[in-house]
Each structure stands twice: as structure tokens, then as C-alpha cells.
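Structural overview for review
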Amino acid sequence: MNAGPPSVVVTIDGPAGSGKSSAADALAQRLHWQVLDTGAMYRAAGLLAIERAIDPADGASVAAALRACRIDFDWSVSPPMVRLDGRPVGEAIRSPAATAAASVVAAHPEVRACLVESQRRIAADHPRLISEGRDQGSVVFPDALVRFYLDAPVGERTRRRVRQWAAEGRTADPREVEEAIRARDLRDSERAVGPLRKPEGGVSIDTGTLDLGEVVDRLERTVRAALAEHRIVAEA
Ligand code: DC
């Protein structure tokens, strides 16, 4: 249990391909804070369902499997690597099958409740944390110091995904990628629990016309101003 002062959390929400993971990693490096990739937790839950031959649409069974299993991170590597019962699964969670399963399991309220509880526990153990995902500022940490919302036009997000896949040696049909992004956006924003939406009082950034350095400059400036305003030191 953490008995020290409350942790300082900055959240970055946004849809697939908005650049939030790269921005969160870069901001964490600049501030020397830790970064929580909550998408990796939903992906690990999707992978768990596949490995246990559980139908991802069966929320009660996925949640039961999750409660019996430990999802945590190896914080000694950068960025931290997600683990299932201590086993690193950082590569397997990026497969198309795990990606599709993650999106389905993420719609179940009981699955989200499990992972939201883990995310809040992780924050309590890390005094300075950047947490990125779809619902981090809007649901999980509504009192976060700064709640960012990153977005970009769907065409730009498609181009980024295709480039990222090409860099990983995978070919992709841009039309199929765009269709998959649109379908995921719809599922993420229409689900009843933890839907994708801009956090109240959040800071929106359109990353469509900015490069990564410019995005991170804006994030860093905003966080440092908020730290100064609340008289919080950047290092814990
Ligand atoms: O950001 P990502 O592509 O790694 O996310 C994987 C899936 O998990 C995606 O379908 C959205 C979902 N997700 C979520 O519902 N809530 C979060 N906080 C993070 C991810």
C-alpha cells in the first residue's frame, strides 16, 4: 500500500492513431516520469481470452479469467512491458487477432471495472505518471493534473498506421486500415461504459498538422505550467 503523498497523474486520451502512445513516451522521457499504456492492458486481456479459448464476446468469462490472472508491467524496461502472470507478452499483444479481441473485450463493463481498478492501483504506486488510453482523463483519473485529448483526421491516422506497419515489415491495404480504424472508433465511442470522449476541462490538441516534437513541446509546456501553478515539483 502506498502511504505517501498522492500521486501526480497526467492523462492522454484519444482515438487510434492520434499519436498518443508516441507522445506519452516522449513526454515521459522529458519529464523523467513513468508511462502507463492502458491499451496494452486491454490487449493483454484480449490475448488472455484467445489463449484460454474464451469467446471475447463473453464478458463474464473474460472478467473471471482476468481476476484469476495478474496483469502488470515490467517497469525496468522502457517503455514498460506488459506481463500476464509474470510472463512478458509485449509482442503477442500487437497481432491482428489480439488487436481485434482487445476491442471486443474492452466493451464489457466487468472487464473495464477490473482494469480500471488495476490502473488506479498502479497510479498509487507511481508518484509521477503519464497514463494514456481512451478513458484515462474522462473516467479513470478525472482529477488528473492535466487531461489531454489528442485527435487527428482519420486520413492522417490511417497514413500513420500504414507507415508504422511498413516499418515493422508488414504490408497493409490503406483502405482496409481506414475501414478498421473507423470501425474501432465507432465501437470505442458508442460503448456504454468508458466511451471515447474528450475529458471535461481537458486540453485538446489536433496532431494532424504537427510533428511529434511539436506535439510534445505543447504537452510539456502545459504540464510544466500546471505544476508551477499548483506548486508541485516535477520530480517526486
Ligand atoms: O490504444 P490501443 O490500440 O493499444 O488499444 C487497444 C484496444 O483497447 C482498443 O480497442 C481500445 C481499447 N482501450 C480502451 O478501451 N480503453 C483504454 N483505456 C485503452 C484502450
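Details of the structure are given in the entry above.
Described below are features of the structure shown in this document. (Residues numbered from 1 in each chain as written. Predicted model: local features only at pLDDT ≥ 70, side-chain atom pairs only at ≥ 80, totals over all residues. Heavy atoms only, no water.)

**Some remarks on the pairing of strand β6 (residues 128–133)**
The buried count for β6 comes to six of six residues, which makes it a mostly enclosed element. The alternating pattern of β6 places Arg128, Ile130 and Glu132 on one face and Leu129, Ser131 and Gly133 on the opposite face, and all of these are buried. Strand direction decides the pairing type here: strand β1 (residues 8–13) and β6, joined by six bridges, are parallel. Looking at β6, one finds that Thr11 is bridged to Ser131. Summarising the sheet, strand β2 (residues 34–37) and β6 pair through four bridges and their orientation is parallel. Directly across from Asp37, in β6, lies its bridge partner Glu132. (Buried < 20%, exposed > 50% of the residue type's maximum accessible area, 1.4 Å probe, protein only. Helix = DSSP H or I, 4+ residues; strand = E, 2+ residues; numbered from the N terminus. Pairing = 2+ DSSP bridges.)

**Points about the packing of aromatic side chains**
Given two aromatic rings, their pairing is described by the distance between the two centres and the angle made by the two planes. For the structure on display, the rule yields one aromatic pair. Note on Phe73 and Trp75: the rings are 5.6 Å apart at their centroids and 45 degrees apart in plane angle, and the pair reads as tilted. Owing to a relative accessible area of 4%, Phe73 belongs among the buried residues under this scheme. When its relative accessible area of 24% is taken as the criterion, Trp75 is described as partly exposed. Residue placement shows Arg170 over the ring face of Trp165; its charged tip is 4.1 Å from the ring centre. (Phe/Tyr/Trp six-rings, centres within 6.5 Å; stacked < 30°, edge-to-face > 60°. Lys NZ or Arg CZ within 6 Å of the ring centre and 35° of its normal.)

So yeah, pure geometry; function would need other evidence.
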